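# Architecture at a glance
Each chain, written out:
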Amino acid sequence: MCGIVAYNGKQNAIPLIISGLERLEYRGYDSAGIAWHNTKNLEFIKKSGKVKVLKSHISTDLNAQLAIGHTRWATHGKPSDENAHPHFSIDNNLAIIHNGIIENYAAIKEGLQNRGYKFKSQTDTEVLINLIQDVKKNEKTNLFQSVQLALSQIIGAYAIAVIDTNSPNSLVVAKKGSPLLIGVGDEEYFVASDAAPFIQHTKNVIYLNDGEIAEIGLKHLEIRTISNELKTPYIQKLNIELDQIEKGDYETFMLKEIYEQPNAILETLRGRISPDFNFVKLRGVNENIEFFQNTNKITIVACGTSWHAGLVGEYLIEGIAKVPVEVEYASEFLYRNPLVSKNDIVIAISQSGETADTLSAISLAKKRGAFVYGICNVVGSSIARATTVGTYMHAGPEIGVASTKSFTSQVTTLVLMALSIGKLKKSISDDEFQIISKELFSISKKIQSSLDSINKQTQKLAKLYKNAKNFLYLGRGISFPVALEGALKLKEISYIHAEGYPAAEMKHGPIALIDKNMPTVIIATNKPNYEKVVANAEEIKARSGKLIAIVSQDDNNMNNIADHIIQVPETHDFLTPLITAIPLQLLSYHIAKIRGCDVDQPRNLAKSVTVE
Ligand code: G6P
């Protein structure tokens, strides 16, 4: 949540900051602002609304060597011009942008107010910049030292960049909990919450670590810890191309990412299944097999769509590897004193690798001595670094706020994990292993060949159901988490209330909602539960509900029951979520589009949730 960007170098910083903010907008989009050095003072523009509102107030002749910018997702104080970042010290000499939350801001604010400080906004960030000013004034320290001393009093999470009228050629940045990357160019430095704002300028990046502060001049960079230990900058090469973060010919990022799924799955699989389909190469599992062999149980922690992928993982790991699995919302895991100890494995799943609840769950699991394994998409992200052992999904950047290709890529990773553990534990026969791994390898083609037709069918359905007030999604077994994911997608981007339910549970409550206006989407592709799901479909029709059935190719059984049938390619039961998720993603996509919703940036949401 919230994106920060800064630049110091030979190019004009103003347009770089604005285009950087546009690339970070998925992190929050309720207000945005920019500050830069003028000859003697700091100038700024900040506006409530999306980055395009800010952009419309920036004149093209503005020029600066150094500037900072911010796009916000409100935590303290509603979206407004005053609460937008950058925030300024009371003497207007210092400006700050901040992603994170200062937990002890109220006590610090009170102390500052008692010393005569006045505040223009309701934000915790304005408190921090005034604390830095207070330290600077009282201790007669330079900007770097003042930031260092002020941060030693802070409890909470932050990625900040601070500029000072008295140091026109440098800025100070610091990180704890929230991400901060420094792009190293030729006599220029970029700072951002992720690499998107600067990859067209440089692929050289430094990931600042928690507790580190950097001073970034025109030609120098110095990194120290809060306790003043000097650090050697470690420059890494980014492996992202510009077209991966652009929409190309697609009308939205979400549609692009839905269509990227066949390729994202292939990328997740690349080099991980042996050519004879007898072995899965997952270093994190293979090198730690004793943990997987001896564990009491695996607990999966995640949030949102990643949690749904985790639920699919439960069916996969229990079904294939025969290890007991529990799946927890990371936030709930944290606050219920979970029974996790040194014989347990905790798998944290996160696309962004920055979700605060998941990060905190990892730190609790580590404290209890569990073996913690990460499944992340963003390379170098906080969760990837906090887990030390894990698997990258390699799905490529996902920019649409609603997760699509991440879900299928996470499920693919979990199939690989289940196969790998199952093989090493001999809980799956060699024949079954080969059948599943071959099918997994060919699933991308199956998805590719069905995408256009499913796209057209869901577009037609969207026209019919765009005005529904509620939707029900049903599935059994491994399709139940897919039903949850379908309902989440619809809620997130079209603002229609939707619930996912295990098909059999419908009769214990949701059936009371069924009438001629209530559409139900039922997933009926899994063989073990097929007859029972058909029976559930009959129950809905008997109550005049509208029924959309997702069935396997050439399955015509439901033709006389359901109002609409979407046929999807047939696959192994364990792999059906990879296929059935797609019509549900496209259905919510088209409904949201017809309703005029901003599918890439739905209201109130953000892609990277860095607050608990
Ligand atoms: C937010 C996003 C969701 C995502 C969830 C977990 O709510 O809007 O799309 O599923 O965070 O994010 P993660 O990056 O941890 O997978």
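Just above sits the structure.
All values derive from a computational prediction rather than experimental measurement. Along each chain, numbering runs from 1 in the same order as the chain's sequence is written. Given that the model is predicted, a residue must reach a pLDDT of at least 70 before its local features are reported, and side-chain atom pairs must reach 80 or more before they are shown or counted; all residues, however, enter totals for whole chains, interfaces and linings. For the side-chain quantities, the full set of heavy atoms in the structure was used; hydrogens and water were omitted.

## Things to note about the sheet that holds strand E3 (residues 42-48)
This is how it is decided: DSSP calls a pair of strands paired once it identifies at least 2 bridges connecting them. Only DSSP runs of H or I covering at least 4 residues are called helices, and only runs of E covering at least 2 are called strands; the numbering of each starts at the N terminus. Note on contacts: a residue pair is in contact if any heavy atoms of the two residues lie within 4.5 Å. Note on method: axes are straight lines fitted to C-alpha atoms, helices fitted across the in-contact stretch only, with angles between N-to-C directions ranging 0 to 180 degrees.
Pairing is antiparallel across the open sheet formed by eight strands, whose spatial order is E3-E2-E4-E1-E10-E9-E11-E15. Unpaired on one side and paired on the other, E3 and strand E15 (236-237) mark the two borders of the sheet. Pairing analysis gives six bridges linking strand E1 (residues 3-9) to strand E4 (residues 66-72), with the strands arranged antiparallel. From the neighbouring strand, Tyr7 faces E4, where its bridge partner is Ala67. Here helix H1 (residues 13-24) sits on the sheet in contact with E1, strand E2 (31-37), E4 and strand E10 (188-192), set at roughly 155 degrees to E1.

## Examining the sheet that holds strand E21 (residues 470-475)
Read from one edge of the open sheet, five strands run E22-E21-E23-E24-E25, paired in parallel fashion. Of all strands in the sheet, those with a lone pairing partner are strand E22 (497-502) and strand E25 (564-568), marking the two edges. Each strand of the sheet is rotated relative to its neighbour by a mean of 20 degrees, with strand direction disregarded. Across six bridges, the pairing between strand E23 (residues 519-524) and strand E24 (residues 546-552) is parallel. Paired with Pro519 across the two strands is Lys546, which belongs to E24. Of the strands in this sheet, E21, E23, E24 and E25 are in contact with helix H15 (residues 430-465), which crosses E25 at around 160 degrees.

## A few points about the packing of aromatic side chains
How we decide: Pairing of aromatic side chains here covers Phe, Tyr and the six-membered ring of Trp, requires ring centres within 6.5 Å, and sorts the geometry by plane angle: under 30 degrees stacked, over 60 edge-to-face, intermediate tilted. Whether a residue is buried, partly exposed or exposed follows from its accessible area with a 1.4 Å probe, protein chains only, as a fraction of its type maximum: under 20%, in between, or over 50%, in that order.
For the coordinates displayed, the defined rule picks out eleven aromatic pairs. Taking the centre distance of 5.8 Å and the plane angle of 35 degrees together, the rings of Phe190 and Phe198 count as tilted. For Phe190, a relative accessible area of 4% puts it in the buried group. In this structure Phe198 comes out as buried when scored by relative accessible area, which is 0%.

## Considerations on the pattern of salt bridges
To be explicit about the condition: Here, a salt bridge means any side-chain nitrogen of Lys or Arg that lies within 4 Å of a carboxyl oxygen of Asp or Glu.
Scanning the entire structure with this criterion turns up 23 salt bridges. Between Glu22 and Lys55 there is a salt bridge, with its nearest N and O atoms 2.9 Å apart. Residue Glu22 is located in helix H1, and its partner Lys55 is located in helix H2 (residues 51-56); the two are separated by 33 residues in the primary sequence. Lys55 gets classed as partly exposed once you look at its relative accessible area, which sits at 40%.

## Considering the packing of helix H14 (residues 405-425) against H15
Helix packing geometry: the angle between the two helix axes and the distance between the axes. Let me state the cut-off plainly: In what follows, roughly perpendicular refers to angles from 65 to 115 degrees, roughly parallel to angles under 35, roughly antiparallel to angles over 145, and oblique to any angle outside these ranges. Crossings are assigned a handedness: left-handed for a near helix turned anticlockwise from the far helix by less than a right angle, right-handed for a clockwise turn. In this count, Pro and Cys sit with the nonpolar residues alongside Ala, Val, Leu, Ile, Met, Phe, Trp and Tyr, while Asp, Glu, Lys and Arg are called charged and the others, Gly among them, polar.
It is the contact of H14 with H15, at a shortest axis distance of 11 Å, that shows an interaxial angle of 160 degrees. Judged by the angle between their axes, H14 and H15 are roughly antiparallel. Once H14 is placed against H15, the crossing between them reads as left-handed. Judged by residue contacts, Thr412, Val415, Leu416, Leu419 and Lys423 of H14 engage Asp430, Phe433, Ile436, Ser437 and Leu440 from H15. For the contact of H14 with H15, the residue count by class is six nonpolar, two polar and two charged.

## Details of the state of the cysteines
Under the convention used in this document: Counting rule for disulfides: a pair of cysteine sulfur atoms within 2.5 Å.
Using the criterion set out here, one finds zero disulfides in the structure. Cysteine Cys303 remains unbridged, with the sulfur of Cys376 as its closest cysteine sulfur at 12 Å.

## Overview of the packing of helix H4 (residues 124-139) against helix H5 (residues 143-151)
Their axes nearest at 8 Å, the elements H4 and H5 cross at an angle of 115 degrees. The handedness of the crossing between H4 and H5 is right-handed. Contact residues: H4 offers Leu128, Leu131, Ile132, Val135, Lys136 and Glu139, while H5 offers Leu143, Ser146, Val147, Leu149, Ala150 and Leu151. Of the residues contributing to the contact of H4 with H5, the split by class is nine nonpolar, one polar and two charged.

## What to know about the site of the ligand
Put simply, the rule is: Each residue is tested against the molecule or strand, and it is near if at least one of its non-hydrogen atoms lies within 4 Å. Identification of polar contacts relies on pairs of N or O atoms within 3.5 Å, with a donor-acceptor requirement for protein atoms, meaning one able to donate a hydrogen and the other able to accept it, and with residues adjacent in sequence counted only if both atoms are side-chain atoms. To be clear on the numbers: accessible area is Shrake-Rupley with a 1.4 Å probe, and residue cover counts the displayed protein chains and nothing else.
Looking at the ligand, there are 14 residues lining it, with Ser306, Ser350, Gln351, Ser352 and Thr355 nearest. Gln351 places a polar main-chain atom, nitrogen or oxygen, 2.7 Å from an oxygen atom of the ligand. One of the backbone nitrogen or oxygen atoms of Val401 is found 3.1 Å away from an oxygen atom of the ligand. Taking 390 Å² as the accessible area of the ligand by itself, protein coverage stands at 92%. Top element by residues in the shell around the ligand is helix H10 (residues 304-321). It accounts for three residues. Partitioned by chemical class, the residues of the shell around the ligand number four nonpolar, eight polar and two charged.

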